[in-house]
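# What the coordinates show
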Amino acid sequence: MLMKVVVVGCTHAGTAAVRELLTRHPETEVDVFERREDISFLSCGIALYLEGTVGRLEDMFYATPASLEALGAKVHVHLKHDVLSIDAADHRVVAEDLATGQQQHYQYDKLIMTTGSYPVIPPISGVSIPRVLMCKSYDDARKIKESAKDADKIAIVGGGYIGVELAEAYSRNHKQVILINGVSPLLSHYVDLPLSKEIASVLTKRGVELKTNTIARHFDSDAKHVFIQTDQGEIQADLAVVCVGFRPMTELLVGQVEMNPDGAIHVNDYMQTSNPDIYAAGDAVAVHFNPTGKDAYAPLATNAVRQGKMAGANIFGQNIKYMGTQATSALKLYDHSLAVTGLTLAHAKRNHLPAASVTMTDDFRPPFMPHTVKITMVLVYDTRDRRILGAQFYSEYDIANAANLISVMIQNRNTIDQLAYVDMLFNPNYDKPWHYLNLLGQLAVMQADNAKL
């Protein structure tokens, strides 16, 4: 019998799910619903567009409705269609054509929920007034770019990846930038306090005015300015961009599938929800976070494309098992790279893990080479079984793949003892006879051994 599949939402996870499903089963009847008029937008490139590295915002789309519909004979991508309700018991969705207002019922055998996330709107009065913008979608990026043309002073609210990337982008364009961050240290979700302070120092040296431990409470504006009332006084700017995080968009399935307290959908190892006919992936879903062995919310494109592909593959049977994630990510900050994976020491302790960390700064290759630079490395491990829990890397050298390697080691539950001696190549162009990751592992071993004495 012909399978009917409904896919709700089509950014990273939805696009990946449709591609994989139709690659395996092109005969499937698929209805894709997307409330926007586009699909597959790479929002992680917005800062590159704003600073001018990427010239065309349209280049950040990597799929079109036509490219998805070409994968099968019975594929329909419904743009500007809002799914109003999902009846899991009756296997039915109701969708509204936003152009005409017409509503229609669609039956399904299996449903894939890939609705994504909302940008968190903080409880600040006036957040929706003119000259105060969010940063997530194609439309947001266009508004920010256009609004910034006549703005000399730009305030950014939020000290995560997006806030820091925007601060860098605007400082490169010679804007006066004010970065307002609340009670948590800068980038505290990704790095521990010493690296947070180092990154704050770099931003300050580049002219970014940091307002740390500052809570925005109210926005107001006139024709040319926005006024931000904080617990430390008023800040005036020409434009404000709010980027304080994301939350899962899962209201359509409330009470119909198992969810975590934060609203993220819980899925099994095959992207299946507690309802066997509903699969879910992407920012709407909790990841299986390997460092803790628990569910976590990690709205990253890397997680979305993997989960989406697996949801599409598993609709017809359990083909690909989810390996979980370490939430590995990276940030380019001026002439430095930051790459992280797993838990920070602060987050490990918050999860009640008996954790310790070591920090090491060393040249990445021998001193006889005509040029070398230093790498700052942080390794977090469990003091009971010496299992690696996380790592942070910061350097002018491209150390992104160091985080990838540690991610694999966390995935495989490797220890600091194994990192200390794992086989690494040696070539003076790339490292020393002892690779810098070996040396980091050996330092952790020495610390752990001394703690036993």
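Whatever comes next refers back to the structure up there.
Read on for an overview of the structure. (Residues numbered from 1 in each chain as written. Predicted model: local features only at pLDDT ≥ 70, side-chain atom pairs only at ≥ 80, totals over all residues. Heavy atoms only, no water.)

## Some thoughts on the overall build of the protein chain
Our working definition: Put simply, DSSP H or I for four residues or longer makes a helix, DSSP E for two residues or longer makes a strand, and each gets a number counted from the N terminus. Here the radius of gyration uses the C-alpha set of atoms, whereas the globule reference equals 2.2 Å times the residue count to the power 0.38. With a 1.4 Å probe rolled over the protein chains alone, any residue whose accessible area is under 20% of its type maximum counts as buried; one over 50% counts as exposed, and the rest are partly exposed. Whether two residues touch is decided by their heavy atoms; if any such pair falls within 4.5 Å, the residues are in contact. For every accessible area listed, the method is Shrake-Rupley and the probe measures 1.4 Å; residues are considered covered only by the protein chains on display. Only four residue types enter the tally: Lys and Arg on the positive side, Asp and Glu on the negative side; His and the chain ends are excluded. Lys charges are placed at NZ, Arg charges at CZ, Asp charges at CG and Glu charges at CD.
In terms of helices and strands, the protein chain carries eleven helices and 25 strands. Taking 453 residues into account, the globule formula puts the C-alpha radius of gyration at 22 Å, and the protein chain, at 24 Å, falls close to it. Taken over the C-alpha atoms alone, the protein chain extends approximately 70 × 55 × 40 Å along its principal axes. Among the 453 residues that make up the protein chain, the fraction classed as buried is 53%. Restricting the contact set of the protein chain to residue pairs at least 6 apart, pairs at least 24 apart contribute 62%. For the protein chain, the accessible area works out to roughly 20300 Å², and carbon and sulfur atoms hold 52% of it. The distance from the centre of the 41 positive side-chain charges to the centre of the 50 negative ones in the protein chain is 4 Å.

## Some details on the packing of aromatic side chains
Worth spelling out the cut-off: Pairs were defined over the aromatic rings of Phe, Tyr and Trp, the Trp ring being its six-membered one, requiring ring centres within 6.5 Å. Orientation was assigned from the angle between planes: stacked under 30 degrees, edge-to-face over 60, tilted for the rest.
Applying the stated criterion across every chain yields a total of seven aromatic pairs. Where phenylalanine 41 meets phenylalanine 61, the ring centres are 5.2 Å apart and the plane angle is 45°; that geometry is what we call tilted. On the criterion of sequence distance, the pair formed by phenylalanine 41 in the loop between strand 2 (29-34) and helix 2 (46-51) and phenylalanine 61 in the loop between helix 2 and helix 3 (65-69) is long-range, its members being 20 residues apart. Classification of phenylalanine 61 as partly exposed rests on a relative accessible area of 22%. A ring pair is formed by phenylalanine 364 and tyrosine 397, whose centres lie 3.8 Å apart and whose planes are at 10°; its orientation type is stacked. Pair noted here: phenylalanine 364 is in the loop between strand 23 (355-363) and strand 24 (374-382) and tyrosine 397 is in the loop between strand 25 (388-395) and helix 9 (400-411), with a separation of 33 residues, a long-range link. These aromatic residues form a ring-pair network of at least three members: Phe41, Phe61 and Tyr138.

## Examining the sheet that holds strand 7 (residues 110-113)
Our working rule: Paired strands, as defined in this entry, are two strands with at least two bridges between them according to DSSP. Axis definition: a line fitted to C-alpha atoms, over the contacting stretch in the case of helices. Angles run 0 to 180 degrees between N-to-C directions.
Pairing within the open sheet is parallel, and its five strands lie in the order 3-2-1-7-18. Since the sheet does not close on itself, it has two edges, and those belong to strand 3 (75-79) and strand 18 (278-280), each with one partner. Along the sheet, successive strands turn relative to each other by an average axial angle of 15°, direction set aside. Bridging between strand 1 (residues 4-8) and strand 7 involves four bridges; their strand directions are parallel. By the bridge assignment for strand 7, valine 6 is matched with leucine 111.

## Concerning helix 7 (residues 301-314)
Since one α-helical turn is 3.6 residues long, residues separated by three or four positions face the same way. What counts is decided by this rule: Residue count minus one, scaled by 1.5 Å, sets the expected span of a helix.
With 14 residues, helix 7 should cover 20 Å at 1.5 Å per step; its first-to-last C-alpha distance of 20 Å lies within 8% of that length. Residues of helix 7 that are buried make contact with helix 1 (12-24), strand 7, strand 18 and strand 19 (287-289).

## Some points on the environment of proline 428
Within the secondary structure, proline 428 sits in the loop between helix 10 (416-421) and helix 11 (436-452). The exposure class assigned to proline 428 is partly exposed, which follows from its relative accessible area of 24%. Sequence separation between proline 428 and serine 85 is 343 residues, and the spatial gap between their C-alpha atoms is 60 Å. Apart from the residues within four sequence positions on either side, proline 428 is in contact with Arg365, Pro366, Phe368 and Met369.

## Some thoughts on the environment of lysine 211
Turning to its location among the elements, lysine 211 is positioned in strand 12 (residues 209-211). Owing to a relative accessible area of 28%, lysine 211 belongs among the partly exposed residues under this scheme. Remark: the alpha-carbon pair of lysine 211 and asparagine 181, spanning 30 residues in sequence, is separated by 6.1 Å. Not counting residues within four places of it along the chain, the set of residues in contact with lysine 211 comprises Ile178, Leu179, Ile180, Asn181 and Ile235.

## Description of the pattern of salt bridges
To keep it simple, the criterion reads: Note on definitions: salt bridges are taken to be side-chain nitrogens of Lys or Arg within 4 Å of carboxyl oxygens of Asp or Glu.
On inspection of all chains with the given rule, the structure shows 20 salt bridges. Arginine 131 is the salt-bridge partner of aspartate 150, the closest N and O atoms lying 3.9 Å from each other. Here arginine 131 lies in the loop between strand 8 (117-119) and strand 9 (132-134) and aspartate 150 lies in the loop between helix 4 (138-148) and strand 10 (153-157), a separation of 19 residues in the sequence. Look at aspartate 150 and you get exposed, because its relative accessible area is 57%. Here the salt bridges do not stand alone but share partners, grouping Glu20, Arg24 and Lys309 into one network.

## Remarks on the sheet that holds strand 9
Remark on secondary structure: sheet strands pair via backbone hydrogen bonds, oriented parallel or antiparallel. The strand order across the open sheet formed by five strands is 9-16-10-11-12, and the pairing between neighbours is parallel. Across the chains shown, the open sheet's two edge strands, defined by having one partner strand only, are strand 9 and strand 12. The average angle at which neighbouring strand axes cross in this sheet is 20°, direction not considered. Bridge count for strand 11 (residues 176-180) against strand 12 is three bridges, and the pairing is parallel. By the bridge assignment, isoleucine 180 is partnered in strand 12 with lysine 211.

## A few points about the pairing of strand 4 (residues 81-87)
Inspection of the sheet shows strand 4 paired to strand 5 (residues 92-97) by six bridges, in the antiparallel sense. Residue histidine 81 lies in a different strand from strand 5, and its bridge partner there is aspartate 97. What sits between the antiparallel neighbours strand 4 and strand 5 is a turn of four residues, in which histidine 91 has the positive phi angle 55°.

## Thoughts on the nonpolar core
Spelled out, the test is: What is meant by a nonpolar core is a set of buried Ala, Val, Leu, Ile, Met, Phe, Trp, Tyr and Cys residues, joined one to another through side-chain atoms within 4.5 Å.
Judged by nonpolar contacts, the single largest core of 99 residues is most densely connected at Ile86, Val93, Leu111, Ile156, Leu187, Leu203 and Leu338. Sorting elements by how many residues they give to this core places helix 5 (residues 161-172) first, with six residues. In contact with isoleucine 156, not counting residues within four places along its chain, are Gly163, Leu166, Ala167, Tyr170, Val177, Ile178, Leu179, Ile180, Val241 and Cys243.

## A few points about unusual backbone geometry
In this model, lysine 80 sits at a positive phi of 50°, which is unusual for a non-glycine residue. The class for lysine 80 is partly exposed, based on a relative accessible area of 36%.

## Brief notes about the environment of aspartate 82
Note the threshold: Within 3.5 Å is the distance limit for a polar contact, defined as a pair of N or O atoms, with the added protein rule that one can donate a hydrogen and the other accept it, and that residues adjacent in sequence qualify only through two side-chain atoms.
Within the secondary structure, aspartate 82 is located in strand 4. Residues within four places of aspartate 82 in sequence aside, it is in contact with Arg35, Val94, Ala95, Glu96 and Leu98. In this structure the side chain of aspartate 82 is engaged in a polar contact, spanning 3.1 Å, whose partner is the side chain of arginine 35.

## Some points on the packing of helix 1 against helix 7
Our working rule: Here the angle decides the label: under 35 degrees means roughly parallel, over 145 means roughly antiparallel, 65 to 115 means roughly perpendicular, and every other value means oblique. Left-handed describes a crossing whose near helix is turned anticlockwise from the far helix through less than a right angle; right-handed describes the clockwise counterpart.
With their axes 7 Å apart at the nearest point, helix 1 and helix 7 run at an angle of 30° to one another. One element, helix 1, and the other, helix 7, form an angle in the roughly parallel class. Where helix 1 crosses over helix 7, the handedness of that crossing is right-handed. Residues His12, Ala13, Ala16, Ala17, Glu20, Leu21 and Arg24 of helix 1 touch helix 7, and the partners they reach there are Ala301, Ala304, Val305, Gly308, Lys309, Gly312 and Ala313.

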